[in-house]
Amino acid sequence: MSSRSASWFYIVSYFVLSIFGSIHAANNCNGPLLSVLPESSFESSSTSSSSQLPHSAKLNRREGEGGWAPERSDRQPWLQLDLRQKMEVTAIATQGRSGSSDWVTSFMLLFGDSGLAWKQYGQSEDTGTYTGNTNSEGVVQHKLVHSIAARFLRFVPLDWSTTGWIGLRVEVYGCVYKSDVADFNGRSALLYRFNQKSQRTVKDVISLRFKSYGADGVLVHGEGHRGDYLTLELHHGTLALHLNLDDAKLYPSSANVSVFLGCLLDDQLWHYVLVKRSNKQVNLTVDGHTRHLSTTGVEDSLEVDYELSFGGIPIPGKPGSFLRKNFHGCIENLYYNGVNIINLAKRRKLQIHSVGNVTFSCSEPQPQMVSTTFLSSSSSYLSLPLEPLGVWGLDVHFHFRTWNQEGLLFSTGLAQGSQHLVLQISRGQLHLMVHGAQLANKCFIKMCYYYFWNDLAIQILSGFPTGCPQYSGGCKNPTVAFQGCMRQILLNNQLMDLPRVQQGLLGNYSKLQFDICGIRNRCLPNFCEHDGRCTQSWDTFYCDCSGTGYTGETCHNSIYEASCEAHRQMGSTSGYFYIDPDGSGPLKATLVYCNMTEDKVWTVVDHNNSGFVNVTGATTKKPYVMRFNYTASLEQLRTLIGRSEHCQQEVVYSCRKSRLFNTWDGRPLSWWLDRSGEKQTYWGGSVPGVQQCSCSLEENCIDMNYFCNCDADTHLWVNDTGLLSYKDHLPLTEIVIGDTNRTGSAAVYRVGSLHCNGDRFLWNSASFYPGSSSLHFPKFQAELSADISLYFKTTASSGVLLENLGTADFITLKLTTPSAITFIFDVGNGPVDLTVTSPVPLNDKQWHYVRAERNLKEASLQVDQLPLHTLEAPSEGHYRLQLKSLLFIGGSTFKESSFLGCIRALTLNGVNLDLEEQAKLTPGVTPGCPGHCSGSASVCHNRGRCMEKNSGYVCDCTHSAYNGPQCKKEVSMSFESGSSVTLTFQMPFPSSGIYAHDGESRENVALSFLTTRTPAMLLCVSTYHQQYLAIILANNGSLQIWFHLNREERAEIFTPKASSLADGQLHRVQVHREGKDLYVQVSGIYLNLFQHSKALCLQHRQSEVLRAGSKGFIGCLSSVLFNHLTPLKTAILNHGSSLVHVLGNLVESNCGALADSTTSQSTSGEFNSIDVNHVWLHNMDFIYVILLAYISPILLCRSSQALLGRMISFTAQLFSGLSRDV
């Protein structure tokens, strides 16, 4: 049977156990456990007949009808085993019912201590189901990756024979589980007392397993008189570790550190905890997930006085009193630095003192709480009989927990006929209301932690008020069902018998799972990359990427360009830019200065000491030492230098009677350290491996007996200045000077900024020729996230661009037809493919861009500037991409459909593959690519696209704000009073969603302007829904950026610089918004951190924008770009188009040509001021779907159309599916 009603009821969360930290440490723990069990140890949800009872389900048994089978009407069948004591289970086996067509093809395994609270066992992180049998007699055995410690097991069939029914025989293998356990009742504790007054440690190891009946409670605590402490506690169901190693009196400002890990740990199931500390380094592990922290104080030892307490913190001198909430539950195998605490307590050793009643067996809470899971947000329900409201009304009491912020909890009819009492969660708050009437005091209860077990009690008295509440929209019935867990349901103080509900003897239900709470913490581990913040609903997780510098469903993709060369190709001029050389890799973006000269683009990274320094009084025993700290980390610099074609760093060194090397034995007296901390003794202009300076190589030293001018040891000032250019040693991190202590001796030095140019990988390419040749690289490391980007050009109709195989998994990117790219992969759930079809051929011998990505949330494929194609990933199932073979570029393992043409700029997860080097070693593939559009010379500028021709090339400037043969000619206009350009356009945008991460919009705006008039409207973009972006100059000439992204929220105003820009000088403004993050740059101006403000009302908010709009703009605008739109160029080239509306007199100008002279700086210039200009946007609902042109401008305020007619505006209307004349 391929699909059964019961199957999906049990597809809920699964957990990988890390209970013991090792895999079957005991080799002899594999004996069969069921043969000695009595019949009473076997239970089931139902039985098909008296000869198919649960105790017939022992492996290989043939008595009766040879196994267990449930009733055919059983909606949720299960077979349960009571092992009579806690056992360590290492393997299981299944078999069908003997001599029948009944067997189970897939099942899941539950375990527990009480037979009431269950946990699902999973073989791996991404699957919680087991493969069963294919016939009635074969035995299928599963060895458990991590052994289970439990008394009860439950086999839950999910799918079964297509020709018969469920039939099951089982065996369980393992041994007796041995442990030391202690039971804490919430008012007790154990104290472990030291042999001396205090104990100081530099290393600590604490390990334990716990099962908690409450959300809060202290597990371990120790403190010292000087202020040291260590506390391990449950806080709202999360494990918290608090640590301080410093003396509070000596270091009162020293920061205490805390780390939190896990969630839902109050589920009455066992959890494993390990704390390991070595000096300041601490690892906290919960159920196999580890979080690392480092203490920030001065000390590295922990000093604890007298004792450690477990289960609570007793107050000295006050028996029975505790400082914080005690732990309520069981702890077993508790070890502190190798000491078995519970074993000592059981043997009543003197080191252990018991506070309150601590017992040494784990008791279950009474009454036992049985959970039920509501699986579907659309159709799950539980219907229970309820007596009509009488004199005493109604009393409802239940516990619930959920991740969802919406859901119907409770509904019942009232005695007044058509009225219904409704309790629902709305936006994370509880709303109690009556449909047909309104409570005298409508209840709004804030649920800050609605994933806790919330204990809810409702009392309704008779004589309920009537009438429909008067709120907008009238009376509305809830449409979202509750999705979560419930337990302890009491109606009028009567506990509901849920097992009777499951058996069909009480009430009714739909899409519930009984006896288990299937809530899952989808944020552990956190699959949001680059410090993205994880939130979740019942079905999936979401990543908030704001402030990270990354975007995408899992914060995988950097929003920054990889190099200054890439910024130049995007049309940027000299200025400070963020670059991210490793893209989606682990390194953050860094702020650098990009110096765009005529022939080269220089990346400049400054450090903390760029001025001239005079050194005297230094010896080799007490040398002068200066450490250089750069504005980027050494790892970031290593990546930047590796990506660059050339790097250099100037070291200016002047000396007087100060030698660099000892003239007798050649021993260095001064030296410098490279980025790896290695000592280097060659100086600027020389080469590694020789103790020389540039004058020696140039043969112009003042004394040719020496290799450096300073070694002549003259009384005159001489210099050994030069450039360090060996990339593997750059940048210089430390300089050491040791010969300036003699009379008259001195040295003056200056270490310049690091300068790099070129991008090795932007044009790194290979040519593939006929003959089934391909490049081979190590396997693609892409288990959780995979992004692939490349450029290709070809004349072939098909071919494999990239392929990597695993045992069953694979990932492939290929050209399938002359106009289609297909991205195919399989992570174990079956092949998934995305295809993008281009309206023009892709085998036109022109460069085409492809980017494919696969993560836990979605797969996407982008080709050139065509709309992004996406496909949502399933919330359950396999999610790790397991690859094993070599990575093939330009071909496949089976040598089918090899690629013919060129591939360049291939990047995988931020790692650039060196195609040229690998091509040198591969027959049939050559480095580089023939043609005019295949080199780093970048013949087309400012987003211009190079197009190959038979006799040369042309530059396509369609998406560039510039014109001319190479897209370098500025497009500028002079605006007089009353003139404006309005452009209507159609543009695809991502879709919106309830969560901000469901789809994030973005804008890229760039323009240059020159004016002396204020206020002024530079640019405005508005939509049909009254959302807008406006860039204005305020009355005082300051630049303001206005965002109104959500009609229900206030506009946000950002002022990058308070001083006036209406100074008659040309200013370049670049604005980039990615979701909630806003980045702004004004060339030539070093900006402070943006400040934003919100006005009090809409009318006041808009008044300044309206004032700027009414004045318009008088001056010159140049190179205006909004995403891929170029309004000024469009207005000139399409003056008669109905999509372009021009008012007043517009004159072409050349004011933009001033940009080159005002922004370019020499490569030797030093740049000292760097500020991060980044802010966070509050309103996130400005998510476009499709924008359709609309003739009349839709302006900020409907009554303000005349005032805003004099501005550069882009007007648009949200497409509603209705036909319109435009």
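Look a little higher up for the structure.
Since this is a predicted model, take the numbers as computed values, not measurements.

*Asks:* I keep staring at the overall build of the chain and nothing clicks. Help me out?
*Replies:* Along the chain, the regular secondary structure elements total nine helices and 87 strands. Expressed as a percentage of the 1222 residues in the chain, the buried residues total 57%. Across the chain, the fraction of contacts at a sequence separation of at least 24, relative to all contacts at a separation of at least 6, is 72%. Carbon and sulfur atoms provide 51% of the accessible area of the chain, an area that totals close to 51100 Å².

*Asks:* How should helix α4 (residues 634–643) be read in this particular structure?
*Replies:* Residue pairs spaced three or four apart in an α-helix point in one direction, given the helix's 3.6 residues per turn. Within α4, burial applies to Gln-636, Leu-637, Leu-640, Ile-641 and Arg-643. Along the long axis of α4, the arc covered by the buried residues comes to 160 degrees, so they all point the same way. As for α4, its buried residues are in contact with β40 (575–579), β41 (590–596), β42 (601–605), β45 (646–656), β51 (746–757) and β64 (911–912).

*Asks:* Help me understand the side chain of Ser-376 in this model?
*Replies:* Along the polypeptide, Ser-376 turns up in the loop between β24 (371–374) and β25 (381–383). Relative accessible area serves as the criterion here: at 10%, Ser-376 is assigned to the buried category. A distance of 3.0 Å separates a polar atom in the side chain of Ser-376 from a polar atom in the side chain of Ser-378.

*Asks:* Which parts of the structure should I look at to understand the side chain of Gln-536?
*Replies:* Of note, Gln-536 is situated in strand β36 (residues 533–536). Gln-536 sits in the buried class, given a relative accessible area of 8%. At 3.5 Å, the side chain of Gln-536 forms a polar contact with the side chain of Trp-403. At a separation of 2.9 Å, a polar atom in the side chain of Gln-536 contacts the side chain of Asn-521.

*Asks:* Just checking my understanding: could you explain the pattern of salt bridges for this structure?
*Replies:* When their charged atoms lie close together, side chains carrying opposite charge are able to pair. Enumeration over the complete set of coordinates arrives at 39 salt bridges. In this structure, the salt-bridge partner of Asp-82 is Arg-151, at a minimum N-O distance of 2.8 Å. Placement of Asp-82 in strand β3 (residues 79–95) and of Arg-151 in strand β7 (residues 140–160) is noted, with a sequence separation of 69 residues between them. You can call Asp-82 buried: its relative accessible area is 11%. Classification of Arg-151 as partly exposed rests on a relative accessible area of 28%.

*Asks:* What exactly am I supposed to notice about the sheet that holds strand β10 (residues 189–201) here?
*Replies:* Hydrogen bonds between backbone groups are what pair the strands of a sheet, and the pairing can be parallel or antiparallel. The seven strands lie next to each other as β15-β14-β13-β12-β19-β10-β22, forming an open sheet whose pairing is antiparallel. For this open sheet the edge positions go to β15 (257–261) and β22 (352–355), each flanked by a neighbour on one side alone. Taken pair by pair, the neighbouring strands of this sheet meet at an average axis angle of 20 degrees, ignoring direction. Examined bridge by bridge, strand β12 (residues 217–223) and strand β19 (residues 302–310) share two bridges and lie antiparallel to one another. Across the sheet, residue His-221 finds its bridge partner in β19, namely Ser-309.

*Asks:* Before we go on, may I ask you to explain the state of the cysteines in this structure?
*Replies:* By definition, a disulfide links the sulfur atoms of two cysteines through a covalent bond. Overall, the coordinates contain 15 disulfides when judged by the stated rule. One disulfide bridge connects Cys-693 with Cys-708, the sulfur atoms lying 2.0 Å from each other. Sign of the S-S torsion, about 90 degrees for the bond between Cys-693 and Cys-708, identifies this disulfide as right-handed. One end of the pair, Cys-693, is in the loop between β47 (679–680) and α5 (694–698); the other, Cys-708, is in the loop between α5 and β48 (718–719), and 15 residues separate them in sequence. There is no split in this pair, since Cys-693 and Cys-708 are both buried. Between the sulfur of Cys-695 and that of Cys-701 lies a disulfide, 2.0 Å long from S to S. The sign of the S-S torsion, about 85 degrees, decides the handedness of the disulfide formed by Cys-695 and Cys-701: right-handed. The same class applies to Cys-695 as to Cys-701, namely buried. Not part of a disulfide, Cys-263 finds its nearest cysteine sulfur in Cys-523, a span of 8.5 Å.

Scoring rules and cut-offs
- Residues numbered from 1 in each chain as written.
- Predicted model: local features only at pLDDT ≥ 70, side-chain atom pairs only at ≥ 80, totals over all residues.
- Heavy atoms only, no water.
- Helix = DSSP H or I, 4+ residues; strand = E, 2+ residues; numbered from the N terminus.
- Buried < 20%, exposed > 50% of the residue type's maximum accessible area, 1.4 Å probe, protein only.
- Contact = heavy atoms within 4.5 Å.
- Areas by Shrake-Rupley, 256 points an atom, 1.4 Å probe, with all protein chains shown as cover.
- Arc of directions from axis to C-beta.
- Polar contact = N/O pair within 3.5 Å; in protein donor to acceptor, adjacent residues only side chain to side chain.
- Salt bridge = Lys/Arg side-chain N within 4 Å of Asp/Glu carboxyl O.
- Pairing = 2+ DSSP bridges.
- Axes fitted to C-alpha atoms, helices over the stretch in contact; angles between N-to-C directions.
- Disulfide = S-S within 2.5 Å.

Limitation: the analysis is restricted to geometry and does not speak to function.
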